[in-house]
Amino acid sequence: MSHRFVAGEELDEAIAAARACNDQGMLVSLDYLGENVATTEDAQRARDAYLEVFDRIAAEKLNANVSCKLTQLGLDMSAEFCEGQVLSIVERAASYENFLRVDMEGSIYTERTIDVVKRVRAKSPAIGTVIQSYLYRSEQDVQDLLEYGCRMRLCKGAYKEPPEVAFPKKEDVDANYVKLMRMLLPSGIYHGIATHDPKMIAATIKCAAEKTVSKDEFEFQMLYGVRTDLQRRLVRDGFRVRIYIPYGRDWFPYFMRRLAERPANVGFLVRNFFR
Ligand SMILES: Cc1cc2nc3c(=O)[nH]c(=O)nc-3n(C[C@H](O)[C@H](O)[C@H](O)COP(=O)(O)OP(=O)(O)OC[C@H]3O[C@@H](n4cnc5c(N)ncnc54)[C@H](O)[C@@H]3O)c2cc1C
């Protein structure tokens, strides 16, 4: 059942899914699933997996970059250790003129994630990160990261957060999304607008027209298996669309977040279970 959102447990399956997306005119970001690893050995294994992904992308001539999570690369153990791991991955990415996107996790990691990204970026610019519009702090983070010339992916945010740090109401999250999108789009830096929400997409297209931001100066990003109709429509309309393709054995937390953000998905799960 997780196959709806996850390409498979092995890299080969992710590569096949990436090729299919490329063939349909879509870009890809490959994500080797995993988070909150408990040992340095596990974190090093994850780093090696990411090095291999960049090698495979180059060998297979795919139009794909890579997304990772810092708690998979040892952030819970030490920021310095994690930074060294990320730097080695970014250097591999840079050697292929490719790019590493650091996903944003729960708010207890936001500050540390941004710090690691900034420090690595000072040595190699082939790295960017993610901003979540549900966090109050995000406007400040966008301002700050724009000064560093950092590429950002804007999303709404997928973790359960308390009202002390995040807007509890969807309408406020959406309003902040539009506000942040309007800061990012005309910044002259290439950003990713990650959403399946037609209202956010319409606001982005409107803003691009107003500020004369051309279709190749930003990209839409969507998750593998979500709103494939919308993905295709945007490609047909000439927009750049990147599909986030997760794979790997540690798919459970990712799958649960996808179920949690849309109650209808739980119905889908239950129906399939009994079938
Ligand atoms: C490329 C990409 C990368 C992301 N990276 C991160 C990250 O690093 N950190 C983070 O916290 N979050 C990340 N997210 C998740 C994001 O924060 C949201 O949780 C998720 O995208 C749902 O928000 P939405 O903008 O689609 O709007 P919503 O208002 O939640 O959804 C709009 C519509 O999209 C469709 N939809 C949305 N989610 C689903 C689903 N799971 N199943 C089926 N249909 C769905 C439905 O039709 C829904 O009505 C990422 C999302 C994308 C697209």
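What you see is a predicted model; the values in this text were computed from it and never measured.

Student: Quick question: what am I supposed to make of the side chain of Lys-156 here?
Tutor: As for its position among the elements, Lys-156 is in the loop between strand 5 (152-155) and helix 6 (170-184). Within the structure, Lys-156 has its side chain in polar contact with the side chain of Asp-197 (distance 2.7 Å). Discounting residues that sit within four places of it in the chain, Lys-156 has contacts with Gln-132, Ser-133, Tyr-134, Lys-170, Val-173, Asp-174, Tyr-177, Thr-195, Asp-197 and Met-200.

Student: Mind showing me how you'd approach the packing of aromatic side chains here?
Tutor: On inspection of all chains with the given rule, the structure shows 10 aromatic pairs. A ring pair is formed by Trp-251 and Phe-255, whose centres lie 5.9 Å apart and whose planes are at 80 degrees; its orientation type is edge-to-face. Three or more aromatic residues joined by ring pairs form one cluster here, namely Phe-5, Trp-251, Phe-252 and Phe-255. Its end group placed over the ring of Phe-239, Lys-215 keeps NZ or CZ at 4.7 Å from the ring centre.

Student: Just to check I follow, could you spell out the site of the ligand for this structure?
Tutor: In the vicinity of the ligand, 27 residues are found, and the nearest of them are Gly-157, Lys-170, Thr-195, His-196 and Glu-261. One nitrogen or oxygen atom from the side chain of Lys-156 is found 2.8 Å from an oxygen atom belonging to the ligand. Side-chain polar atom of Thr-195 to an oxygen atom of the ligand: 2.6 Å apart, as the coordinates give it. Burial of the ligand by the protein amounts to 88% of the accessible area it has alone, namely 910 Å². Within the residue set of the shell around the ligand, elements represented by two or more residues are strand 4 (127-132), strand 5 and strand 7 (218-223). For the shell around the ligand, the element with the highest residue contribution is strand 7, accounting for 3 residues. Classifying every residue of the shell around the ligand by side-chain character gives 11 nonpolar, 6 polar and 10 charged.

Student: Could you clarify how one ought to interpret the pattern of salt bridges in this entry?
Tutor: Two side chains that carry opposite charge are able to pair once their charged atoms sit near each other. One pass over the structure, following the stated rule, counts 26 salt bridges. Note that Asp-197 and Lys-156 form a salt bridge whose closest N and O atoms lie 2.7 Å from each other. On the criterion of sequence distance, the pair formed by Asp-197 in the loop between strand 6 (191-194) and helix 7 (198-210) and Lys-156 in the loop between strand 5 and helix 6 is long-range, its members being 41 residues apart. By the burial criterion, Asp-197 is buried, and Lys-156 matches it. Notably, a salt bridge pairs Arg-182 with Glu-210, separated by 2.9 Å at the nearest N-O pair. You can see Arg-182 sitting in helix 6 and its partner Glu-210 sitting in helix 7, a full 28 residues away along the chain. Take Glu-210: its relative accessible area is 45%, and that puts it in the partly exposed class. Among the charged side chains, a salt-bridge network with shared partners connects Asp-12, Arg-19, Arg-56 and Glu-60.

What counts and what doesn't
- Residue positions within a chain follow its written sequence, with the count starting from 1.
- Local features in a predicted model are, by the rule used here, given only for residues with pLDDT of at least 70; side-chain atom pairs are given and counted only at 80 or more, and totals for whole chains, interfaces and linings are based on all residues.
- Computation of side-chain values: all heavy atoms of the structure, hydrogens and water removed.
- A helix here means a DSSP run of H or I that spans at least four residues, while a strand means a run of E at least two residues long, and both kinds are numbered starting from the N terminus.
- Polar contact is the term for a pair of N or O atoms within 3.5 Å; when the atoms are in protein, one must be able to donate a hydrogen and the other to accept it, and sequence-neighboring residues count only if both atoms are side-chain atoms.
- The contact rule is simple, with two residues in contact once any of their heavy atoms fall within 4.5 Å.
- The rule is short: rings of Phe, Tyr and Trp, with Trp giving its six-membered ring, pair when the centres are within 6.5 Å, and they are stacked under 30 degrees, edge-to-face over 60, tilted in between.
- Whether a charge lies above a ring is judged from NZ of Lys or CZ of Arg, which has to be within 6 Å of the ring centre and within 35 degrees of the ring normal.
- If even one non-hydrogen atom of a residue comes within 4 Å of a molecule or strand, that residue is called near it.
- Reported accessibility uses the Shrake-Rupley method at a 1.4 Å probe radius. Residues are deemed covered only where the shown protein chains occlude them.
- Ten residue types, Ala, Val, Leu, Ile, Met, Phe, Trp, Tyr, Cys and Pro, are classed as nonpolar, four, Asp, Glu, Lys and Arg, as charged, and the remainder, Gly among them, as polar.
- Any carboxyl oxygen of Asp or Glu within 4 Å of a side-chain nitrogen of Lys or Arg constitutes a salt bridge here.
- The classification of residues rests on relative accessible area computed with a 1.4 Å probe and restricted to protein chains. Under 20% of the type maximum is buried, over 50% is exposed, and intermediate values are partly exposed.

So yeah, pure geometry; function would need other evidence.
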